[in-house]
Amino acid sequence: TNSSNYYEAIHQNNLGIVYETSGKSHLALHAFSKAVRSSIECNGNSDNFESDGTARPDVTLHVLNNAAVCALKSRNYPAAYECYAIGLATSKSWRKRPRTWLRLSEASIGLNATVQKERAEAVSKCSKVEVEG
């Protein structure tokens, strides 16, 4: 149900934070991906209220931010970039936060550095042909 997805998202987000603070970034990213999936499923349903009528806030952006920070720390730049791109595409408030743009820039620079390194390694593996003449 919608309520169980909501609490599953919060649980997985908290678990991801525990893993990240314990230095287990891969487990943390796995927990954050489960949290994002659960929060998106929860938001797919328009019922964002508890049975007693209290509102249930959307936790998707919080989870995306936690996942992106964790991905940056573990140098998983594609994952960090995706999290920030999704957040920026879906939230007007994120577009107003300088820190979001700073971290998106970090992810972009990391992606670029990774691509440059891969290209340099590929070029060094190519055989060189010398022409005398």
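Structure first, text after, so check above.
The rules behind these values
- Residues numbered from 1 in each chain as written.
- Predicted model: local features only at pLDDT ≥ 70, side-chain atom pairs only at ≥ 80, totals over all residues.
- Heavy atoms only, no water.
- Helix = DSSP H or I, 4+ residues; strand = E, 2+ residues; numbered from the N terminus.
- Contact = heavy atoms within 4.5 Å.
- Buried < 20%, exposed > 50% of the residue type's maximum accessible area, 1.4 Å probe, protein only.
- Expected span 1.5 Å × (residues − 1).
- Arc of directions from axis to C-beta.
- Polar contact = N/O pair within 3.5 Å; in protein donor to acceptor, adjacent residues only side chain to side chain.

*Asks:* So, the side chain of asparagine 13: which residues are in play, and what are the values?
*Replies:* Looking at the element boundaries, asparagine 13 is found in helix H1 (residues 2–21). Not counting residues up to four positions away in its chain, the partners in contact with asparagine 13 are Phe32, Ala35, Val63 and Asn66.

*Asks:* Describe the environment of serine 93, naming the residues involved and giving the relevant values.
*Replies:* Here serine 93 shows up in helix H5 (residues 92–95). Residue classification places serine 93 among the partly exposed residues on the basis of a relative accessible area of 44%.

*Asks:* Describe helix H4 (residues 77–90), with residues and values.
*Replies:* A turn of α-helix holds 3.6 residues, and therefore any two residues three or four places apart point the same way. For H4, spanning 14 residues, the distance from its first C-alpha to its last is 20 Å, which sits close to the expected 20 Å at 1.5 Å a residue. Of all the residues in H4, the buried ones are Tyr77, Ala80, Cys83, Tyr84, Gly87 and Leu88. Buried residues of H4, viewed axially, fall in a sector of 130°; they line one side. Among the exposed residues of H4, those oriented more than 90 degrees off its buried face are Glu82, Ala89 and Thr90. Next to the buried residues of H4 lie helix H3 (60–73), H5 and helix H6 (98–125). The N-capping residue of H4, defined by a side-chain oxygen 3.3 Å from the backbone nitrogen of alanine 79, is asparagine 76.

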